[in-house]
Amino acid sequence: DEKRWPARQLAGLIDRWKNKGLSPGDLDAMENEAYAGGKGQHFYRLYQDRLKALNDTLGDDLVSAEKLSIPITLLILLVAFGALIAAVVPLLLAMSCVLMAGGLTAIASQISPVSDAINSVILLIGLAVGVDYSMFFLRRAREERAQGRTPRDAVDIASQTAGRAVVLSGVT
């Protein structure tokens, strides 16, 4: 169908316009007429409108996840450990890693653009991984305490076993 504009060609065209920093209104009449049977601006506007709607929806979802993740994580840790301090330690460790990753991302964003959603992704993944590793380490220390070791010895042994596994996994 010669009236139909090929999707790949249109996607390439829109990418080219985006890379040039052009908005639909910036397209000159000749370029607009040359593409998509004079509908280049129309297709570009549709693309931008749909992309904005998608970004708004995803942004709202990520904000909701951010607001709920820390309280829910704390509640789960309270149930798992049964003590406030034991529940707060993994959360604080995870949050310190999230802050560090956010700082590294800020430095990287000076070199290359990053998505607006990156902070939400860092928070959610950082909390999950940080809490998981902390719980692994704390469980190992508790096992040593249950075997009659002093608190200091239990932490030393947990560091030698679980600590190495956490560091190795974090580095890779």
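Note that the coordinates shown come from a computational prediction; the quantities given were computed from them, not determined experimentally.

Procedures and definitions
- Residues numbered from 1 in each chain as written.
- Predicted model: local features only at pLDDT ≥ 70, side-chain atom pairs only at ≥ 80, totals over all residues.
- Heavy atoms only, no water.
- Helix = DSSP H or I, 4+ residues; strand = E, 2+ residues; numbered from the N terminus.
- Buried < 20%, exposed > 50% of the residue type's maximum accessible area, 1.4 Å probe, protein only.
- Contact = heavy atoms within 4.5 Å.
- Areas by Shrake-Rupley, 256 points an atom, 1.4 Å probe, with all protein chains shown as cover.
- pLDDT = per-residue confidence, 0-100.
- Expected span 1.5 Å × (residues − 1).
- Salt bridge = Lys/Arg side-chain N within 4 Å of Asp/Glu carboxyl O.

Q: Help me understand the overall build of the chain in this model?
A: Check the secondary structure of the chain and you find six helices and zero strands. When the helices and strands of the chain are placed in sequence order, the string is α-α-α-α-α-α. Taken over 172 residues, the chain has a buried fraction of 22%. Of the contacts formed within the chain by residues at least 6 apart in sequence, a portion of 51% connects residues at least 24 apart. As displayed, the chain offers around 11,900 Å² of accessible surface, 62% of which is attributable to carbon and sulfur atoms.

Q: I keep staring at the confidence of the model for the chain and nothing clicks. Help me out?
A: Detailed conclusions should not be drawn from predicted coordinates in areas where pLDDT is low. Residue-level pLDDT values for the chain average 79, and 83% of them are 70 or greater. In the model of the chain, helix 2 (residues 29-34) stands out as the element of lowest mean pLDDT, 59, in contrast to helix 4 (residues 84-108), which has the highest, 87.

Q: It is not clear to me how helix 5 (residues 118-146) should be interpreted in this structure. Could you clarify?
A: For helix 5, built from 29 residues, the straight-helix expectation of 42 Å at 1.5 Å per residue is met to within 8% by its first-to-last C-alpha distance of 41 Å. Restricting attention to buried positions, one finds in helix 5 the residues S120, I122, L123, G126, L127, G130, V131, S134, A141 and E144. Where helix 5 terminates, the next one or two residues include G148, which has phi positive at roughly 95°.

Q: What exactly am I supposed to notice about the pattern of salt bridges here?
A: Note that side chains of opposite charge can pair when their charged atoms are close. Applying the stated criterion to the full structure yields four salt bridges. With a closest N to O distance of 3.4 Å, R140 and E143 form a salt bridge. Here R140 and its partner E143 are both found in helix 5, three residues apart, which amounts to about one turn of the helix. We classify E143 as partly exposed; its relative accessible area is 32%. Each member of the salt-bridge network shares a partner with another, and the members are R139, R140, E143, E144 and R149.

Q: Is there a simple way to explain the environment of A86 in this structure?
A: Among the structural elements, A86 can be located in helix 4. For A86, a relative accessible area of 17% translates into the label buried. Each C-alpha atom of the pair A86 and M135 lies 9.4 Å from the other, and the pair is 49 residues apart in sequence. Not counting the four nearest positions on each side in its chain, A86 is found in contact with F81, L138 and R142.

Q: Quick question: what am I supposed to make of the side chain of S69 here?
A: With respect to the helices and strands, the residue S69 is situated in helix 3 (residues 40-81). Contact partners of S69, with chain neighbours within four places excluded, come to L123, L124 and L127.

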